[in-house]
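These are the residues of each chain, in order.
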Amino acid sequence: MTDAELKIKSIQYRIRLLKYIKKAGAGHTGGSLSCVDILNVLYNRILTVSPGNFTDPARDRYVQSKGHSVEALYVVLADKGFFPESDLETLGRRQSPYVGHPTRKIHGIEHNTGALGHGLAFSVGVALAGKRDHAGYRVYTLLGDGELAEGSNWEAMLTAAHYRLDNLTAIVDRNQLQISGRTEDVCGLECLVTKFEAFGWAVRSVDGHDVAALADVLGSIPFEPGKPSVVIAKTVKGKGVSFMENEARWHHGVPSDQQYEQAQQELEALLREVKA
Amino acid sequence: MSSQAGFELGKANLDVFAETLLALAKDDRNVLVVTSDSRGSGKLTPFAAALPDQIVEVGIAEQNLVGVAAGLASTGKIVYAVSPASFLTARSLEQIKNDVCYSDHPVKLIGISAGVSYGALGSTHHSIHDIAALRAIHNCTIIVPADNLETAEAIKASAEMSHPVFIRFGKRPMPHVHGPGTALEVGKALLVHEGNDVAFIAAGETVVHALLAARDMEKEGISARVISMHTIKPLDRQAVILAAEECRAIVTVEEHSCAGGLGEACAAVLMQAGLHVPFRIVGFPDEDTVTGSQLEIFAHYGISAQGLAHTAMTLLDSAEEARQL
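Given the structure is predicted, the values throughout are model-derived calculations rather than measurements.

### Quick look at the sheet that holds strand E1 (residues 61–64) of chain A
All names here are of chain A.
Thinking step 1. Read from one edge to the other, the open sheet built from five strands follows the order E1-E2-E3-E7-E6, with strand pairing classed as parallel. Whereas interior strands pair on both sides, the edge strands pair on one side only; in this sheet they are E1 and strand E6 (202–207). Within the sheet, the average angular offset between the axes of one strand and its neighbour, ignoring direction, is 20°.
Thinking step 2. Pairing geometry for strand E3 (residues 168–174) and strand E7 (residues 229–234), over six bridges, is parallel. The partner of Asp173 across the bridge, within E7, is Ala233.
Thinking step 3. Here helix H2 (residues 29–46) sits on the sheet in contact with E1, strand E2 (139–144), E3 and E7, set at roughly 150° to E3.
Thinking step 4. In the packing of helix H8 (residues 211–218) onto the sheet, contacts are made with E6 and E7, and the angle to E6 comes to roughly 165°.

Structural data, given as structure tokens:
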């Protein structure tokens, strides 16, 4: 997929995830909008995973540790053919498997997440098995920045470096906001680069909405042989909808009818512009 | 050990676990053990020496232990996560709930030095909450082996299980309560001693004390049934119901808090089956647990031949008095 096609996909994914959040009346809007470009690049450029090979032991793995942004994952998986997009009409309804966090009931999902601070340790286990078996697959884990306050992440970081897991990549959706406000006001994370480096990881930072730059960075893994890689993806929470951007209240805000119309008009205009 | 006279003393269930696992792992390189600086206390030093590529050490980080084990298991590995039961089931409870049970990655959770095995070390090291906590989590078989035979059988059975399992045991040498060749079926209680006056439904390292009590009571003309309820979940409901139908009283015995363990599980079966039988739960009451050796703590709370016989006889006497009124 070309960079231009990726840009179009990103906007289409935003349009769709807002549609299903609006229909369900619930969802993690801000975070889904901030991470969707990362998912777009992973699934359309990087990962060797498809509906046809999902049970193949040699497939790449994607683990969404920030499970609350599941709406972004759902629309990308539907687009990749893991299930019909119409399934998402049931999101959040009684007995629908499409719940507000990832579960293995859904084709394409590796691990149940939602409680924060779980995805990285799980991914370390998958990557370690790959190393021991000399399997060529890679493991990618998406972390929220607010999530990094969970101590279990730092336990997993130690283990990943100890076992020299250069088949493991963490991507931090660094939108600087969490449910209560700015990450630096809630429990400061900076300097994140220095912290990861001190834990033995190879670090790169990138604009998390520049699909070409993301594809370049994610295509050059491992950054250093013998070290796990981490991409600090600088993102904007609520990206793509003017009134949602950089507003913590859109963490799990659902737009009113009027706001929804405005959001879709903005995204449709952007889509026309990119296509032109 | 004088109270256990008459039974041949075996090894610690812990030693049997480590030997059984090593044998399994030598036959199958997909068998892995994950430790949290617990290879020594898990008697896994010989395993690490023999099969260095099949042990994963994560350091003193139990949350990580369980998360990493889940990841390994997701790739098809047969994974044993080994840590003292107190830390494994409390520090990493959310990892057990989500990464193992909810996600259905078939990790074998091995709680070593369980119950009050670390009796003198204080409540930080006691694990008398674990069964209650894990009973309330869907998709986790719970096995508490009584002796060496049950331990070896449970470990071998666990290797074949395609869903999560928690197995917990202690570190003191255990008398053999079963004869050689006894087969253990997960979810099916084992009858250790026949009897119809009172039934002891016991689990784990308390079973031998119930058996000793039954032998003492026999001399008084009271026949006591002893059931080893090695699998707490799924519970062998039929064995509990039969005990209620065929005996005049039931005493449950466990190395666990009286809250949420084997006793309450049996009580729930009986109440919901409409069976009313004189009933006592012997375990640890809701108090600051006394300290000392495992056997000293057992004796303090009536988990001894004398204590259990007394509980059973008193229960039978009071039931008889009530019947005559």
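Let us keep going from here.
### Section: the confidence of the model for chain B
Residue and element names in this part refer to chain B.
Thinking step 1. Mean pLDDT for chain B: 96, with 98% of residues reaching 70 or above.
Thinking step 2. Of all the helices and strands in chain B, helix H12 (residues 305–324) carries the lowest mean pLDDT, 93, while strand E6 (residues 141–143) carries the highest, 99.
Thinking step 3. Interface scoring of the predicted complex returns ipTM 0.97; its pTM is 0.97.

### Structural notes on the environment of B:Ile78
Residues and elements named next belong to chain B.
Thinking step 1. Tracing the backbone through its elements, the reader meets Ile78 in strand E4 (residues 78–84).
Thinking step 2. Placed 47 residues apart in sequence, Ile78 and Val31 show a C-alpha to C-alpha distance of 4.6 Å.
Thinking step 3. Setting aside residues up to four positions removed in sequence, Ile78 forms contacts with Asp28, Asn30, Val31, Leu32 and Ala159.

### A word on the environment of B:Ser162
Residues and elements named next belong to chain B.
Thinking step 1. Its place among the elements puts Ser162 in the loop between helix H7 (148–160) and strand E7 (165–168).
Thinking step 2. Since 6 C-beta atoms lie within 10 Å of it, Ser162 is described here as exposed.
Thinking step 3. In sequence terms Ser162 and Ala309 are 147 residues apart; their C-alpha atoms lie 40 Å from each other.

### Considering the packing of helix H5 (residues 151–162) of chain A against helix H3 (residues 62–74) of chain B
Thinking step 1. For the pair H5(A) and H3(B), interaxial distance at closest approach is 9 Å and the crossing angle is 65°. Taken together, the axes of H5(A) and H3(B) are roughly perpendicular relative to one another. The chirality of how H5(A) crosses H3(B) is right-handed. On H3(B), the residues that touch A:Ser152, A:Glu155, A:Ala156 and A:Thr159 of H5(A) are B:Gln63, B:Asn64, B:Gly67 and B:Val68.
Thinking step 2. Classifying every residue of the contact of H5(A) with H3(B) by side-chain character gives two nonpolar, five polar and one charged.

### Let's talk about the interface of chain A and chain B
Thinking step 1. Contact with chain A, which involves 21 residues of that partner, is made by 24 residues of chain B.
Thinking step 2. Across the side of chain A that touches chain B, the residue classes tally to ten nonpolar, seven polar and four charged.

### Quick look at helix H4 (residues 119–132) of chain A
Residue and element names in this part refer to chain A.
Thinking step 1. In this model, H4 (14 residues) spans 20 Å end to end at C-alpha, consistent with the 20 Å of a helix rising 1.5 Å per residue.
Thinking step 2. Counting buried positions along H4 yields twelve of 14 residues, so the element is predominantly enclosed.
Thinking step 3. Taken together, the buried positions of H4 are Gly119, Leu120, Ala121, Phe122, Ser123, Val124, Gly125, Val126, Ala127, Leu128, Ala129 and Gly130.
Thinking step 4. Just downstream of H4 lies His134, where phi reads positive at about 55°.

### Thoughts on the pairing of E3(A)
Regular strands have side chains that alternate between both faces of the sheet.
Residue and element names in this part refer to chain A.
Thinking step 1. Of all seven residues making up E3, seven are buried, and the element is well covered by its neighbours.
Thinking step 2. Side chains of E3 alternate between two faces, with Leu168, Ala170, Val172 and Arg174 and Thr169, Ile171 and Asp173 buried alike.
Thinking step 3. For E2 and E3, the ladder comprises six bridges, and the chain directions are parallel. Residue Gly144 lies in a different strand from E3, and its bridge partner there is Asp173.
Thinking step 4. With respect to chirality, the unit in which E2 leads through H5 into the neighbouring parallel E3 is right-handed.

### Quick word on the domain arrangement of chain B
All names here are of chain B.
Thinking step 1. Entries for chain B in the domain assignment read domain 1 (2–175) and domain 2 (190–324).
Thinking step 2. The gap between the C-alpha centroids of domain 1 and domain 2 is 26 Å.
Thinking step 3. Contributing elements (two or more residues each) for the side of domain 1 that touches domain 2: helix H6 (130–135), E6, H7 and strand E8 (173–175).

Definitions and cut-offs
- Residues numbered from 1 in each chain as written.
- Chains lettered and ligands numbered in written order.
- Predicted model: local features only at pLDDT ≥ 70, side-chain atom pairs only at ≥ 80, totals over all residues.
- Pairing = 2+ DSSP bridges.
- Helix = DSSP H or I, 4+ residues; strand = E, 2+ residues; numbered from the N terminus.
- Axes fitted to C-alpha atoms, helices over the stretch in contact; angles between N-to-C directions.
- Contact = placed C-beta atoms within 7 Å.
- pLDDT = per-residue confidence, 0-100.
- Buried ≥ 20, exposed ≤ 12 C-beta atoms within 10 Å, placed from the backbone.
- Parallel < 35°, antiparallel > 145°, perpendicular 65-115°, else oblique.
- Left-handed = near helix turned anticlockwise from the far one by under 90°.
- Nonpolar A, V, L, I, M, F, W, Y, C, P; charged D, E, K, R; others polar.
- Expected span 1.5 Å × (residues − 1).
- Right-handed = clockwise from strand over helix to strand, strands pointing away.
- Domains from an automatic or database assignment.

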